[in-house]
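# Remarks on the overall topology
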Amino acid sequence: MAKPPPIVAELGRAETPDETAARKAESSRVHRASQNTRNLVAALIVTVAVVVVIIFAVPRGTPPESAPIDVAAVAQSVAAAEERPIIAPDAPDAWRVNVAAVEGDGPRAWTLVYADETWFLRVAQGFDADPAWPTRMLSGASVDGTVSIGGIEWDRYDIADPSRAGNISVALAAQAGADTVLIYGKADQKTLEQAAAAAAPEVERLREASTATEEGE
């Protein structure tokens, strides 16, 4: 005699064929979902492991510092190309030079950029610069008296709003023969005066070269 189907506790009776099929289908679905989850976790673990291996396999370290700019050597090269004397201030050794190049247009200017964590100064020699060149470079700032540094009489510029002048807060300028030497940037007065003192002999040299040229004509 055939054995009667078992009684299902939740139902209080035996399952119907449809209920049995539905239960097996649900069980299969849960099993597949569980397999998919395990596969996803396994794939994620493998991916993380690969990333970790790559991170630790790639050599790291701080990039080497760029070689310091030899201002005197670059100035000599520019002087030969421009066929005119070029300034090369003897700035303090601790001052880092970020730029040493001819920049701009109308006039072009041989420009040195000195910078530190808290300040920067540009020392520019404007070739055959007109009297209004410093004012244009300083967003319209005007001369506010003069100051003598290193035997050179410098025009001091009043910069009322540094935010409108490219973050420039201080500036000095001096005529150097046909050229103009402009020192400007964001720095305290002591640093500005140090830069002017370093540039002063070069301003005098340009003046002497200009005088010698005029006398030779």
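What you are looking at is a predicted structure, and each value in this text was computed from that prediction instead of being measured.

What counts and how
Residues numbered from 1 in each chain as written. Predicted model: local features only at pLDDT ≥ 70, side-chain atom pairs only at ≥ 80, totals over all residues. Heavy atoms only, no water. Core = buried A, V, L, I, M, F, W, Y, C linked by side-chain atoms within 4.5 Å. Buried < 20%, exposed > 50% of the residue type's maximum accessible area, 1.4 Å probe, protein only. Helix = DSSP H or I, 4+ residues; strand = E, 2+ residues; numbered from the N terminus. Contact = heavy atoms within 4.5 Å. Pairing = 2+ DSSP bridges. Expected span 1.5 Å × (residues − 1). Phe/Tyr/Trp six-rings, centres within 6.5 Å; stacked < 30°, edge-to-face > 60°.

## Observations regarding the nonpolar core
With 33 residues, the main nonpolar core has W110, Y114, L121, W154, V181 and I183 as its most contacted residues. Of all the secondary-structure elements, those providing two or more residues to this core are helix 2 (71–82), strand 3 (96–103), strand 4 (109–115), strand 5 (120–126), strand 7 (152–158), strand 8 (170–176), strand 9 (179–186) and helix 4 (189–216). Sorting elements by how many residues they give to this core places helix 4 first, with seven residues. When near neighbours in sequence (up to four residues on either side) are disregarded, V181 contacts I87, V123, A124, W154, L172, A173, A174, A176, V203 and L206. A109, A129, A165 and A173 belong to the second-largest nonpolar core, a separate cluster that totals 14 residues.

## Here we look at the pairing of strand 9
Of all eight residues in strand 9, seven are buried, a share of seventy percent or more. One ladder, built from seven bridges, connects strand 5 with strand 9; its direction is antiparallel. Along strand 9, the bridge assignment pairs R122 with Y184. As defined by bridge partners, strand 8 adjoins strand 9 across seven bridges and the pair is classed as antiparallel. Along strand 9, the bridge assignment pairs A173 with L182.

## Looking at unusual backbone geometry
Cis geometry is adopted by the peptide bond preceding P107, which originates at G106 and carries an omega value of -5°. If you trace the backbone, P107 turns up in the loop between strand 3 and strand 4. Backbone geometry at E83 places phi at a positive 55°, although glycine is not the residue there. Note on E83: relative accessible area 73%, which makes it exposed. Positive phi, close to 55°, is recorded for S139, a residue that is not glycine.

## Structural notes on the environment of A129
Note that A129 resides in the loop between strand 5 and helix 3 (133–137). C-alpha of A129 to C-alpha of R108: the two residues are 21 residues apart in sequence and 8.3 Å apart in space. What A129 contacts, discounting residues up to four positions off in sequence, is P107, A178, D179 and T180.

## With respect to helix 4
Here helix 4 spans 39 Å end to end across 28 residues, near enough to the 40 Å set by a 1.5 Å rise per residue. The complete set of buried residues in helix 4 reads T191, L192, A195, A196, A198, A199, A200, E202, V203, L206 and S210. Against strand 5, strand 6 (142–149), strand 7, strand 8 and strand 9 lie the buried residues of helix 4.

## Comments concerning the packing of aromatic side chains
Pairs of aromatic rings are described using the distance from one ring centre to the other and the angle between the two planes. According to the stated counting rule, one finds two aromatic pairs in the structure shown. When the centroid spacing of 5.6 Å and the interplanar angle of 65° are considered together, the rings of W95 and Y114 count as edge-to-face. Taken together, the positions of W95 in the loop between helix 2 and strand 3 and Y114 in strand 4 put the pair 19 residues apart, joining distant regions of the chain. Both residues of the pair, W95 and Y114, belong to the buried class. Pairing W95 with W119 gives two aromatic rings, centres 4.9 Å apart and planes at 65°, and the pair type is edge-to-face. Separated by 24 residues along the polypeptide, W95 in the loop between helix 2 and strand 3 and W119 in the loop between strand 4 and strand 5 bring together distant segments of the chain. The same class applies to W95 as to W119, namely buried. Taken together through their ring pairs, the aromatic side chains of W95, Y114 and W119 make up a single cluster.

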